[in-house]
Amino acid sequence: METDLRSLTLDELQNEMENIGEAKFRAKQIYRWMHVKYANSFDEMTDLSASLRKKLNNRYDICTVKQVKKLVSKEDNTTKYLFELENNYIIESVFMQYSYGNTVCISTQAGCRMGCAFCASTIDGVEKSLTPTEMLTQIYEIEKDKGETVSGVVLMGSGEPLDNYDNVLKFIKILNSKEGKNMGQRHITLSTCGIINKMYDLAEEDLQITLAVSLHAPNDEIRNSIMPISKANPMDKLMEACRFYTDKTKRRITFEYALMKGVNDSPENAKELASKIKGMLCHVNLIPINEVKERNFVKGSSESIKRFEEILLSRGIETTVRRKLGSDIDAACGQLRKRYKDEMI
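Residues numbered from 1 in each chain as written. Predicted model: local features only at pLDDT ≥ 70, side-chain atom pairs only at ≥ 80, totals over all residues. Heavy atoms only, no water.

Participant: Describe in detail the overall build of the chain, supporting the description with residues and values.
Facilitator: Counting secondary structure elements, the chain contains eleven helices and 14 strands. The globule rule puts the C-alpha radius of gyration for 345 residues at 20 Å, and the 21 Å found for the chain is close to it. Counting only C-alpha atoms, the chain reaches 70 × 45 × 35 Å along its principal axes. In the chain, buried positions account for 56% of the 345 residues. Counted over contacts in the chain with a minimum sequence separation of 6, partners at least 24 positions apart contribute 67%. About 15100 Å² of surface is accessible on the chain, with carbon and sulfur atoms providing 46% of the total. Treating the 50 positive side-chain charges of the chain as one cloud and the 50 negative ones as another, the clouds have centres 2 Å apart. (Helix = DSSP H or I, 4+ residues; strand = E, 2+ residues; numbered from the N terminus. Rg over C-alpha atoms; globule rule 2.2 N^0.38 Å. Buried < 20%, exposed > 50% of the residue type's maximum accessible area, 1.4 Å probe, protein only. Contact = heavy atoms within 4.5 Å. Areas by Shrake-Rupley, 256 points an atom, 1.4 Å probe, with all protein chains shown as cover. Lys, Arg positive; Asp, Glu negative; His and termini not counted. Charge placed at Lys NZ, Arg CZ, Asp CG, Glu CD.)

Participant: Describe in detail the sheet that holds strand 14 (residues 319-321), supporting the description with residues and values.
Facilitator: If you walk across this open sheet you meet the ten strands as 3-4-5-6-9-10-11-12-13-14, and the pairing is mixed. Here the strands that pair on one side only, and so sit at the sheet edges, are strand 3 (66-72) and strand 14. Neighbour-to-neighbour, the strand axes of this sheet turn through a mean angle of 20°, independent of strand direction. Where strand 5 (residues 90-98) and strand 6 (residues 101-105) come together, five bridges link them in antiparallel fashion. Residue pairing across strands places Val94 opposite Cys105, the latter belonging to strand 6. (Pairing = 2+ DSSP bridges. Axes fitted to C-alpha atoms, helices over the stretch in contact; angles between N-to-C directions.)

Participant: Which residues make up a negative patch on the surface, and what are the values?
Facilitator: On the surface, Asp166, Asp201, Glu205 and Asp206 cluster together into a patch of negative charge. Locating Asp166 in the fold gives a position in helix 5 (residues 165-176). (Patch = residues over 30% accessible without salt bridge, like charges linked within 9 Å, V, L, I, M, F, W, Y side chains within 5 Å. Salt bridge = Lys/Arg side-chain N within 4 Å of Asp/Glu carboxyl O.)

Participant: Account for the pattern of salt bridges, with residues named and values stated.
Facilitator: According to the stated counting rule, one finds 14 salt bridges in the structure shown. With its nearest N and O atoms 3.0 Å apart, the salt bridge here joins Asp145 to Lys70. Residue Asp145 is found in helix 4 (residues 132-146), and its partner Lys70 is found in strand 3; the two are separated by 75 residues along the sequence. According to the relative accessible area criterion, Lys70 is partly exposed, its value standing at 37%. Glu272 is the salt-bridge partner of Lys276, the closest N and O atoms lying 3.7 Å from each other. Within this pair, Lys276 and its partner Glu272 are both found in helix 9 (residues 267-277), separated by four residues, close to a single helical turn.

Participant: Kindly report on the pairing of strand 12 (residues 253-259), identifying the contributing residues and their values.
Facilitator: For strand 12, a buried count of seven out of seven residues is recorded, marking the element as mostly surrounded by other parts of the structure. Residues Ile253, Phe255, Tyr257 and Leu259 of strand 12 are buried on one face, and the alternating residues Thr254, Glu256 and Ala258, pointing to the opposite face, are buried as well. By the bridge criterion, four bridges tie strand 11 (residues 210-214) to strand 12 in an arrangement that is parallel. The residue of strand 12 that forms the bridge with Ser214 is Glu256. Bridge count for strand 12 against strand 13 (residues 282-288) is seven bridges, and the pairing is parallel. Bridge pairing in strand 13 links Leu259 to Pro288.

Participant: Give a description of helix 1 (residues 10-19) that names residues and reports values.
Facilitator: Among the residues of helix 1, Leu10, Leu13, Gln14 and Met17 are the ones counted as buried. In a view along the axis of helix 1, the buried residues occupy a sector of 100°, so they form one face of it. Turned more than 90 degrees off the buried face of helix 1, the exposed positions are Asp11 and Asn19. Here the buried face of helix 1 lies against helix 2 (25-35), helix 3 (50-59) and strand 2 (60-61). Following helix 1 by one or two positions, Gly21 has its phi on the positive side, about 80°. (Arc of directions from axis to C-beta.)

Participant: Could you give an account of unusual backbone geometry, naming the residues involved and the relevant values?
Facilitator: For Tyr38, which is not glycine, the phi dihedral falls at a positive 60°. The residue Tyr38 is located in the loop between helix 2 and helix 3 in this model. The backbone of Asn88 sits at a positive phi, close to 70°, despite the residue not being glycine. Within the element layout of this structure, Asn88 appears in the loop between strand 4 (79-84) and strand 5. Among the residues examined, Asn88 registers a relative accessible area of 57% and is labelled exposed.

Participant: For the environment of Thr149, give the residues involved together with the corresponding values.
Facilitator: Summarising the element assignment, Thr149 is placed in the loop between helix 4 and strand 9 (152-155). Overall, Thr149 belongs to the exposed group, its relative accessible area being 57%. Each C-alpha atom, one on Thr149 and one on Gly101, is 8.4 Å from the other, the two residues being 48 residues apart in sequence. Ignoring anything within four residues of it in the chain, the contact list for Thr149 reads Asn102, Glu143 and Lys181.

Participant: Go over the pairing of strand 6 with me, naming the residues and quoting the values.
Facilitator: Within strand 6, five of the five residues are buried, leaving the element largely enclosed by the surrounding structure. Between strand 5 and strand 6, which pair antiparallel one after the other, the connecting turn spans two residues. Note: strand 6 against strand 9, three bridges, orientation parallel. Within strand 9, the residue paired with Val104 across the bridge is Val153.

Encoded structure:
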C-alpha cells in the first residue's frame, strides 16, 4: 500500500519530498492543498506541475472517507454522518451548532472494545483503529458538506482515543498545525474511559487540549458493573491520575456522568461523587442517558436530574447538564452505525 500523505506531519512530508528529489517547499504546497483546501486527489493541486502530479500519483495516496448516510435533525440542525472507510468499515460523526460556533464529534476507532454497558458503539467490539487521515477527513468532509467552518472537535464518537494513542496524538498535531487547519488545542476535547497509564503519558505531552473522563459512577461497585475497564483502573487510582493531570497541565478535567435511573442517580450517589472530586480542578457534565434498545438503561425524571445537579453545586462542584441534541436522529454514540450495519446483514 502506498504511503498516505495526509497522515504525515509537515516535517515528515518535507523529508518525503527531499527523498524523491523534489524541493522542500513543495511539501508546504501539498500540505495546504490537503489540510486547507481539502483536496482528495493530486490532480486538484493545480499549482503543481503535471510531471510532479504524475510522480505523486505513482508513489502516494491521499486517503479519505466516503459519506454513506446523513441525517439532519429537524429540531436543532444537528447532523449525523455515517462514513465508510476502506474494507467497508463504518464510522460515525456528528455536527453540532452552538452559539459560540460549530463543533464536530468524531470517531477514533470503528467500534470500541471498552465494553461500557450503556453504549451502542461497543456492542460488536472494535474493528479498526483509525489513522490520522481517517480522523481528519471526518472534519474536512463535514465542512465541505455543510459549507460551514468547524471551530471545535470532540473525540467522543465510537472508540477509545487512548486505545489509539499514537494516531490520536498525530491527528492533534496535524489539526493544530498553523500551515493546515490551525485549530487551537484548547478547542479540542479528548474523552477517555480512564486508561490510567495512558493518562499519565498524555499529561507529559505538553498539550493544551481538554481532557474529559467518562466517570459515570461515584464508586468502584457501580462503575465495575457498567464499565469493565474500571476493574483494571480502579477509582482511587483514577482519581490520582486525574489530580496528576490537572497539576501537570493546569487544565481543568471534565467528568462525564451519564445519569441512569436506579443505577447511579440517587442523592447518595451525588454526595459520594462530590466527596471524591472535591478540591480538584474539574467540571461535571451531567448527561441524561440516551436510551439504546439493545441496553436496559433508562433516564430518570427531569426532577431527579435537577436534584443531582443541585447537590453537586451545593458542594462547590461546577456542574452543567448537557443540552440534548439530535434526539430525533439517533445522535447518541453508536446508535445509527449499529442500525445501518444491521440493515446491511
